[in-house]
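Coordinate analysis (summary)
Spelled out from the first residue to the last, the chains are:
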2 protein chains.
Amino acid sequence: MSKVEAELTWREARRQNARADLLAAAWEMVREGGLGALSLRKLAGRAGTTTPTVYAYFESKNAILDVMFREGAESFAQSNAQPLAEGTPQQQLLAHAQRFASFCISDVARYQLLFQHSLPGFSPSPESYAPAVRALESARQLIERAGVRDPRHLDLWTALMTGLVDQQISNDRGGDRWIRLIDDAVAMFLAYSASEQSAG
Amino acid sequence: MSKVEAELTWREARRQNARADLLAAAWEMVREGGLGALSLRKLAGRAGTTTPTVYAYFESKNAILDVMFREGAESFAQSNAQPLAEGTPQQQLLAHAQRFASFCISDVARYQLLFQHSLPGFSPSPESYAPAVRALESARQLIERAGVRDPRHLDLWTALMTGLVDQQISNDRGGDRWIRLIDDAVAMFLAYSASEQSAG
DNA sequence: GTCTATAGCTGGATAGAC
DNA sequence: GTCTATCCAGCTATAGAC
């Protein structure tokens, strides 16, 4: 490696480091005050710098949100890629549901960014959106393997899961009033799905 | 009625009229652009007046939102107070669920105002909140009459209903992809609730 | 790359003339 | 009660010195 190349990569490393610092500060802000609390002034202040410096690393506020969305989507894909404990497809579906709920609850701001399209003026770029759909597709396959074929039942499943998570976040944040009902929810869903399968 | 008294009530009527016009314009705005789109400047413009005039009728923006919340909560209570068609408690529960979904879908902004605590800095006054809890309590009784005693199952029910409505609003607004699953959802819930009842 | 300073806009809320 | 004009705060984003 030439001296010039070393210099280049060193600078690049420094640059990535500064970007990472800003992103870390941004995550901190949204975790404390919700997605709406992300302001570039305060972000700069928290990172120990000023707004023009932020613009040296990101071309706009939405560019920051886009990277955050990407990071969140990749965490989601990674969580879903972990192998589940051995067991029947039904047991694995339960484990999957619990893992999904944990992922959402453990970082509410990330959940809102990924799953609630609630930021006026922001929508993720296709590149940032890709890992999210990848993860959702893998979840779909897991549900199919548990014996759920009817796409209507798949919609029912997503409504049930997001309903539990939303209620938990909205009405008992930090508690477990709805999350602890996941066992019941999965049992209820599988029983109905099986009965429909045999009936229809 | 004396001449003075007539004058007073006439003025009062005019005043209530102006208030109602402003509120109508406010509902129009949030229906078009979401709750966040409510700004006093634009509200005044739409009502054909100016901001100081708005402040002649409401002491703050939150005061407007509070009245809107109250109106929405009263509509909700009124919807829930309508008698349901004759039938078994289970049939009535289904009808109740459909009515709830219709209420939510028919005015998304109102739904967000009432059921999603998503406006930073606003929370309804106790007086405006009262009709909402009244309506929710009547819903709870209806569910109990359908044979659902376990409070855990009641939480499961709310998660299921709000989950369906949220998915419908977020991912298929104007369509019926999730709403049409209400029959299945209610059947699923009742089957599970009954089986638990006999088992436990 | 990093700063100071500021442009340009939108928001809620008010002062004061009429 | 209704207006014009304005205050003050917050925001994203940029110009220009260093």
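Please refer to the structure placed before this passage.
First things first, this report covers the structure right here in the doc. Given the structure is predicted, the values throughout are model-derived calculations rather than measurements.

Before going further, it helps to examine the interface of chain A and chain B. Facing 26 residues of chain A, the contacting portion of chain B comprises 26 residues. Carbon and sulfur atoms make up 58% of the surface buried where chain A meets chain B, a total of about 2300 Å² over both sides. Looking at the side of chain A facing chain B, the largest losses of area belong to A:Arg152, A:Asp155 and A:Met188, adding up to 27% of the total buried there. Seen at the junction of chain A and chain B, the total is 4 salt bridges. Its salt-bridge partner being B:Asp184, residue A:Arg152 comes within 2.7 Å of it at the nearest N-O pair. For the pair chain A and chain B, the interface holds 12 residue pairs in polar contact (both at pLDDT 80 or more). Top contributing element to the side of chain A that touches chain B by residue count: helix H8 (residues 151-171) of chain A, with 14 residues.

On to the protein's contact with DNA strand D. Taken together, 15 residues are adjacent to DNA strand D, and A:Leu40, A:Arg41, A:Tyr55, B:Arg15 and B:Thr49 come closest. In DNA strand D, atoms within 4 Å of the protein come 61% from sugar and phosphate. Between DNA strand D and A:Ser39, the relevant distance is 3.2 Å, taken from a phosphate oxygen to a side-chain nitrogen or oxygen of the residue. Between DNA strand D and the protein, one listed contact pairs a phosphate oxygen with a side-chain N or O atom of B:Thr53 at 2.8 Å. Every element with two or more residues in the surface near DNA strand D is listed here: helix H2 (40-46) and helix H3 (51-57) of chain A together with helix H3 (51-57) of chain B. When its residues are assigned to classes, the surface near DNA strand D shows 6 nonpolar, 5 polar and 4 charged.

For the rest of this paragraph, the subject is the packing of aromatic side chains. Residue and element names in this part refer to chain A. A complete count under the given rule lists 14 aromatic pairs over all chains for this structure. Ring plane angle 10° and centroid distance 6.0 Å describe the contact between Phe-69 and Tyr-129, whose orientation is recorded as stacked. Within this pair, whereas Phe-69 is found in helix H4 (residues 61-81), its partner Tyr-129 is found in helix H7 (residues 126-145), the two being separated by 60 residues in sequence. For Phe-69, a relative accessible area of 2% puts it in the buried group. When its relative accessible area of 39% is taken as the criterion, Tyr-129 is described as partly exposed. Measuring from ring centre to ring centre gives 6.2 Å for Phe-76 and Phe-100, while their planes differ by 65°; the resulting arrangement is edge-to-face. Taken as a pair, Phe-76 in helix H4 and Phe-100 in helix H5 (residues 89-106) lie far apart in primary sequence, 24 residues in all. By relative accessible area, which is 3% here, Phe-76 ends up buried. Residue Phe-100 is classed as buried on the basis of its relative accessible area of 13%. Pairwise contacts between aromatic rings join Phe-76, Phe-100, Phe-103, Tyr-111 and Phe-115 into one cluster.

Reading guide: rules and limits
- Residues numbered from 1 in each chain as written.
- Chains lettered and ligands numbered in written order.
- Predicted model: local features only at pLDDT ≥ 70, side-chain atom pairs only at ≥ 80, totals over all residues.
- Heavy atoms only, no water.
- Contact = heavy atoms within 4.5 Å.
- Buried area = accessible area lost by both parts, 1.4 Å probe.
- Salt bridge = Lys/Arg side-chain N within 4 Å of Asp/Glu carboxyl O.
- Polar contact = N/O pair within 3.5 Å; in protein donor to acceptor, adjacent residues only side chain to side chain.
- Helix = DSSP H or I, 4+ residues; strand = E, 2+ residues; numbered from the N terminus.
- Near = heavy atom within 4 Å.
- Nonpolar A, V, L, I, M, F, W, Y, C, P; charged D, E, K, R; others polar.
- Phe/Tyr/Trp six-rings, centres within 6.5 Å; stacked < 30°, edge-to-face > 60°.
- Buried < 20%, exposed > 50% of the residue type's maximum accessible area, 1.4 Å probe, protein only.

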